[in-house]
Amino acid sequence: MLVTELGQVYAFGKDTYSELEPGSPAAKAISTPRLVESLQGIFVVQTAIGNYFTAVLSREGRVYTISWGSDAKLGHGTDHQDQKPHQLKGPLEHVPVVQIAAGYCYLLALAYQPSGMAVYSVGCGLGGKLGHGTRMDERYPRMIDHLHQLNFKPIAVAAGAWHAAVVGQDGRVCTWGWGRYGCLGHGNEECEDLPKVVAALGGVKAVHVATGDYTTFVVADSGDVYSFGCGEASLGHGKARHHENLLSPELVLPLKQRQEKVVQISLTNTETCNAHTLALTQSGRLYAFGAGDKGQLGMELLNDENERGMPELVDINLG
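Predicted, not measured: the structure shown is a model, and the values here were computed from it.

Right, let's get into the sheet that holds strand S10 (residues 116-123). Pairing between the strands of a sheet comes from backbone hydrogen bonds, and it takes one of two forms, parallel or antiparallel. Sheet architecture is open: four strands sit in the order S8-S9-S10-S11, paired in antiparallel fashion. Strands at the two margins of the open sheet, each flanked by one partner only, are strand S8 (97-102) and strand S11 (138-143). For this sheet, the mean inter-axis angle between neighbouring strands, taken without regard to orientation, is 20 degrees. Examined bridge by bridge, S8 and strand S9 (residues 106-113) share five bridges and lie antiparallel to one another. Its bridge partner lying in S9, Ile100 is registered against Ala109.

Structure representation (structure tokens):
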């Protein structure tokens, strides 16, 4: 999905569950960006594509979702193939939201409160990924109160398929949800139903976090990058460690050796199939690593190659 400066949204890709409205119940490929006409009248500033649904954030701070609304799982009781946007009902109706993140059948929202920023979650609670101390579904957005108990002031959220992460104003990082392969960074593979500070990042001031299926990347204010979780999805530590799971955060040395300040990480939401990662630097350079058999790294591979374990420069300058 692409958002224009005028607040319009264009979508393209595989439209299996009417995520890319307009669509039909049958899967089809939309290969050319197409205006999402149902969003006309809504000035969109951000989109988030989750499994089975899409969410958009308006300039006024309202959240709308498309598809997968059956049983009021996302705050509206419509058919799961309803292709019209519906505003989230409940606590966020009159609370301005500044960021959204979507995962496997759930949504996170960073919202403004008079007392400071707060994180809300709604949808499927499997694995404890909603952060409320249970694994129950939530039909309406619910504030994650435990962050306040940790004296944690959130500034950015990330939603993986089965786990979530948030960056605090003081640079701390909290994770929760399904801990498979060590994706929570707590030194084990245990699930966490409540947000928990990643102690191993105690000396790091984080400014950005990105989550995949069972992987997590953290960007520090220095531009250093730390990764942990499933090794099948490249964590950037070189070919020798390409398939090694990391239960705790480790500095991605190959990126540091580039002597570039990384500002953002983007990764695929999959653990085994064609997983790859992109790192954007302050200078506008783009580095890629992971699976590249379908051209997703933006570089030519040798005949016997299907991946790159080390971050390599993509021949495009975004400066």
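Considering only enclosed or pocket space, the largest pocket measures out at about 920 Å³ in volume. Contributions of two or more residues to the lining of the largest pocket are made by strand S4 (44-50), S8, strand S12 (154-159), strand S16 (206-211), strand S20 (262-267) and strand S21 (276-281). Of the residues contributing to the lining of the largest pocket, the split by class is 15 nonpolar, 13 polar and no charged.

This part covers the pairing of S10. Of all the eight residues making up S10, six are buried; the element is thus mostly covered by neighbouring parts of the structure. Here S9 pairs with S10 via eight bridges, running antiparallel. Pairing of Leu107 across the sheet is with Val122, part of S10. Connecting the antiparallel pair S9 and S10 is a turn made up of two residues. Bridging between S10 and S11 involves three bridges; their strand directions are antiparallel. If you follow Ser121 over to S11, its bridge partner there is Arg142.

In this section: the packing of aromatic side chains. As enumerated under the stated definition, the model contains four aromatic pairs in all. Geometrically, the ring pair formed by Tyr104 and Trp162 is stacked, given 4.6 Å between the ring centres and 25 degrees between the ring planes. In this pair, Tyr104 sits in the loop between S8 and S9 while Trp162 sits in the loop between S12 and strand S13 (163-168), placing the two residues 58 residues apart along the sequence. For Trp162, a relative accessible area of 16% puts it in the buried group. Considering the side-chain rings of Phe217 and Phe289, the 6.3 Å spacing of their centres and the 50 degrees angle between planes classify their relative orientation as tilted. Taken together, the positions of Phe217 in strand S17 (residues 215-220) and Phe289 in strand S22 (residues 285-291) put the pair 72 residues apart, joining distant regions of the chain. For the pair shown, Phe217 and Phe289 are each scored as buried. An aromatic cluster is built from Tyr104, Trp162 and Trp178, whose rings are joined through pairwise contacts. Taking NZ or CZ as reference, Arg59 lies 3.9 Å from the ring centre of Phe43, over its face.

Our next topic: the environment of Cys191. Of note, Cys191 is situated in the loop between strand S14 (173-177) and strand S15 (192-197). Separated by twelve residues in the primary sequence, Cys191 and Gly179 have C-alpha atoms spaced 4.7 Å apart.

Here is what the cut-offs are and how they apply
- Note that residues are indexed from 1 along each chain, following the sequence as it is written.
- Since the coordinates come from a predicted model, pLDDT governs what is reported: local features require at least 70, and pairs of side-chain atoms require 80 or more to be given and counted, while whole-chain, interface and lining totals use all residues.
- With hydrogens and water excluded, all non-hydrogen atoms of the structure serve as input to the side-chain values.
- For two strands to be treated as a pair, DSSP must find no fewer than two bridges joining them.
- Counting from the N terminus, the helices are the DSSP runs of H or I reaching at least four residues and the strands are the DSSP runs of E reaching at least two.
- Axes here refer to lines fitted to C-alpha atoms; in helices the fit is confined to the stretch in contact. Angles between the N-to-C directions go from 0 to 180 degrees.
- Here a cavity means grid points, on a 1 Å grid over the protein atoms only, where a 1.4 Å probe fits yet cannot get out; a pocket means an open set of points with protein on both sides within 12 Å along at least five of seven lines; lining residues are those with an atom within 4 Å of a point.
- Grid points are joined across faces, edges and corners, and a volume is the space filled by probe spheres set on the points.
- Each residue is assigned to one of three groups, with Ala, Val, Leu, Ile, Met, Phe, Trp, Tyr, Cys and Pro labelled nonpolar, Asp, Glu, Lys and Arg labelled charged, and all others, Gly among them, labelled polar.
- Note on classification: 1.4 Å probe, protein chains only; a residue is buried when its accessible area is under 20% of the maximum for its type, exposed when over 50%, partly exposed between these limits.
- Here is the rule: rings of Phe, Tyr and Trp (six-membered ring for Trp) pair when centre to centre is within 6.5 Å. Planes less than 30 degrees apart are stacked, more than 60 are edge-to-face, and the remainder are tilted.
- Comment: the charge-over-ring label is applied if NZ (Lys) or CZ (Arg) is within 6 Å of the ring centre and within 35 degrees of the ring normal.

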